[in-house]
Structure formats: C-alpha cells, structure tokens
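# Structural features, examined
In case you want the letters, here they are:
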Amino acid sequence: MVTGLIFNLERYAVHDGPGIRTLVFTKGCPLRCIWCSNPEGQKACPELLLVKERCSGCGRCINVCPRKAIVVLSGLSYTDKDLCIKCGKCVKECPNQARQVVGTYVTVDWLWSEVKKDVPFYWRSGGGITVGGGEPTTQYEFVAQLLGKCRGMGIHTAIETCGYATWDAMQEVLEHTDLVLYDLKVFDPSIHEQLTGKPNNVIHGNLERICQANRWDVIVRIPIIPGYTDSRDNLVNLAKFVATVNREGSVKKIELIPYHRLGVAKYERLGRKYELQEHALLTEDEMDRFAKLVMQYAGVGVYCQSLQ
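Residues numbered from 1 in each chain as written. Predicted model: local features only at pLDDT ≥ 70, side-chain atom pairs only at ≥ 80, totals over all residues. Heavy atoms only, no water.

## Quick notes on the environment of Gly-57
Applicable threshold: Labels follow the DSSP assignment, with helices taken as runs of H or I lasting at least four residues and strands as runs of E lasting at least two, numbered in each case from the N terminus.
By secondary structure assignment, the location of Gly-57 is in the loop between β3 (47-50) and α1 (60-64). On a C-alpha basis, the gap between Gly-57 and Leu-293 in space is 52 Å, while along the polypeptide they are 236 residues apart.

Next comes the structure, spelled out in structure tokens:
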C-alpha cells in the first residue's frame, strides 16, 4: 500500500479553496523560497525540532539517545544532527514535549478515515479537501490515490502547488483534482532561481498546459514579499503572463498573499536561520494598491488574503 509523508492536518481551513476544508500538508518541496513559512515542509524526511521555551534541561533525553547525539548546555538541550537518526526516543522521554518529530508516514486509508470525519462540514459549506505542503506532486502516487478516494465519494478536491514538477507527476494528481491553487512568485527566471533555488520555466510551462486543457478551475496565488516580489515590473509581468495563458478562462481569479511572520518560530525550532524575520509587514493600503495594479493587466478579479 502506498504511504505518504505528512507534517500536519488542519481542520476547518477556510482560505484554501471554497467552503470549509481539511488541509493536508505533505512533506517535501523542490523549492527553497527564502520567505517560506512552512520550512518543516521542505525536506522529504522526518525532522527533529526543539521548542526551546519548553526545555527544562532535565537531561532525560540524553540518557535514551542511542547515538549520544544530545548535550545540555546552559540549561538547554542541543542535538548533533549528523549523529541523530531521528528514532524518536528522546521525543517520547521528554516530559515537557519540548522535543518533537515533524513528519509522519501514513496510509491513504488512515488519512481517509480522518478526512471523512469532516464530511458534514463539506456538505453544508461546499467545502472539501485541499492537499498542500510542501509540494504535493513530490508524492504524486500517494496524493492521487487520496484525492481519487475523496472524489469518488463526491468530495471537492484541490491542490496547492508551486508548479515545479514533471508533467507526468502533475497530470497524475490533476486527474483527481477539481481546483488548482497555483503559485507564481517571480517572473524573471534568474531572479526566481536566486530566490527559490529553481528556475521558473517548468512552472510557467505547467500552468500554460493546465490552462490549455481547460479541465480545471485555477486560482493563481502571488506572494507579496516586500523588496522581493512587490516591484511594479514583477507584478505587471506576472499579470500579463496570466492573461496570456488564460485564453480559455481557466483562471478564475488571482489571490495576493501578504508577507507574514508565522514561520519565524519554526526556523528556530528546526535550528535554521530565517533571513526575513525582521521584514516589515504590509498594510491594507499597500495590498489594495498591488491588487489594483495586477487587475489592470490580468484580465481577472484580484483579491487580497487577510493580513491577520
């Protein structure tokens, strides 16, 4: 049976497709966006994280670690990641839940048993299931089976994708998808590679093929990151690109996603540095101005997600 690696299951999600939804976060992503708010979704393997404010320095984790990878310094425990095998023994031993493993392997049947608990909310609200991440196409067999099972039960299905995938992987997931939430970040290929680690030719090509097929509803999402994606040239070029590929009318709207700091604590817990944690937040006036600019060239409605 195909298994998948997920790191979160969010119920009552209302910003990731129509109605009330269950949002499944898959683990593993080909991009490394410097503003990523889900760094725990990047690596396609379980990871150990430490919630420092919960650590009492009791040392119980040291006693159970088979690789002697943990030390306590100045009242806090630290892990040598080169020695750690992520066995989870320290997690079970920690009395304060300061140590956690993010990333769990699950079967489609197990995940379906969780998703179907929310079916009454889907029927009443016109909601369904959304698979995001990470990047769902990195686990295309698992995601396709899950969405196929849900769709077979009449549940609306959606994916959130960065678009960087082979067409075969993308197509296998799309066969069981009603709505595609598609990220566009930076229009210039070299700048895109600098900020995300990958060029954007595959991303743009996949969106064009999706729109040409005209089989799926598409919502394009553009993150507004001050100093990186918010320039007039970038937004105008992205809007024009959407207008060009949307000849069949598959793109129903564009959503602008404002920069936020929800991922700051996650980087610290993973032992990584977040370059944008002191970045200025956006105002409603700024977001409204960006929306009006994009709307001039995109040919579809443009909306802003909440700043909260």
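Still to come is the rest of the account.
## Digging into the sheet that holds strand β13 (residues 301-304)
Selection criterion: Two strands qualify as a pair provided DSSP detects at least 2 bridges between them. Axis definition: a line fit to C-alpha positions, over the contact stretch in the case of helices; interaxial angles, taken between N-to-C directions, run 0 to 180 degrees. Throughout, a contact is declared for two residues whenever any of their heavy atoms are within 4.5 Å.
Strand order in this open sheet of nine strands is β7-β1-β2-β8-β9-β10-β11-β12-β13, and the pairing throughout is mixed. Edge positions in the sheet fall to β7 (104-107) and β13, since each of these pairs with one other strand and no more. Along the sheet, successive strands turn relative to each other by an average axial angle of 30°, direction set aside. Relative to strand β8 (residues 128-132), strand β2 (residues 21-26) is paired through five bridges, and the arrangement is parallel. Paired with Leu-23 across the bridge in β8 is Thr-130. Seen against the sheet, helix α3 (residues 108-115) touches β1 (3-13), β2, β7 and β8 and runs at an angle of roughly 85° to β7. Packing against the sheet, helix α8 (residues 201-213) makes contact with β10 (179-183), β11 (217-224) and β12 (251-258), and its axis sits at approximately 155° to β10.

## Some details on a positive patch on the surface
Let me state the cut-off plainly: Patches draw on residues past 30% relative accessible area with no salt bridge. Two like charges within 9 Å are joined, as are two nonpolar side chains (Val, Leu, Ile, Met, Phe, Trp, Tyr) within 5 Å. Computed with the Shrake-Rupley method and a 1.4 Å probe, the accessible areas treat only the protein chains shown as cover for residues. By salt bridge we mean one thing: a side-chain nitrogen of Lys or Arg within 4 Å of a carboxyl oxygen of Asp or Glu. All tallies of charge rest on Lys and Arg as positive and Asp and Glu as negative; His and the ends of each chain are not included. Where a charge sits is defined by one atom per residue type, namely NZ (Lys), CZ (Arg), CG (Asp) or CD (Glu). Buried residues are those whose accessible area, probed at 1.4 Å on protein chains only, stays under 20% of the maximum for their type, while exposed residues exceed 50% and partly exposed ones sit between those limits.
Positive charge collects at one region of the surface, where Arg-32, Lys-43, Lys-81 and Lys-86 lie side by side. Summarising the element assignment, Lys-81 is placed in the loop between β5 (76-79) and α2 (89-93). Judged by relative accessible area, Lys-81 falls into the exposed class, the value being 52%.

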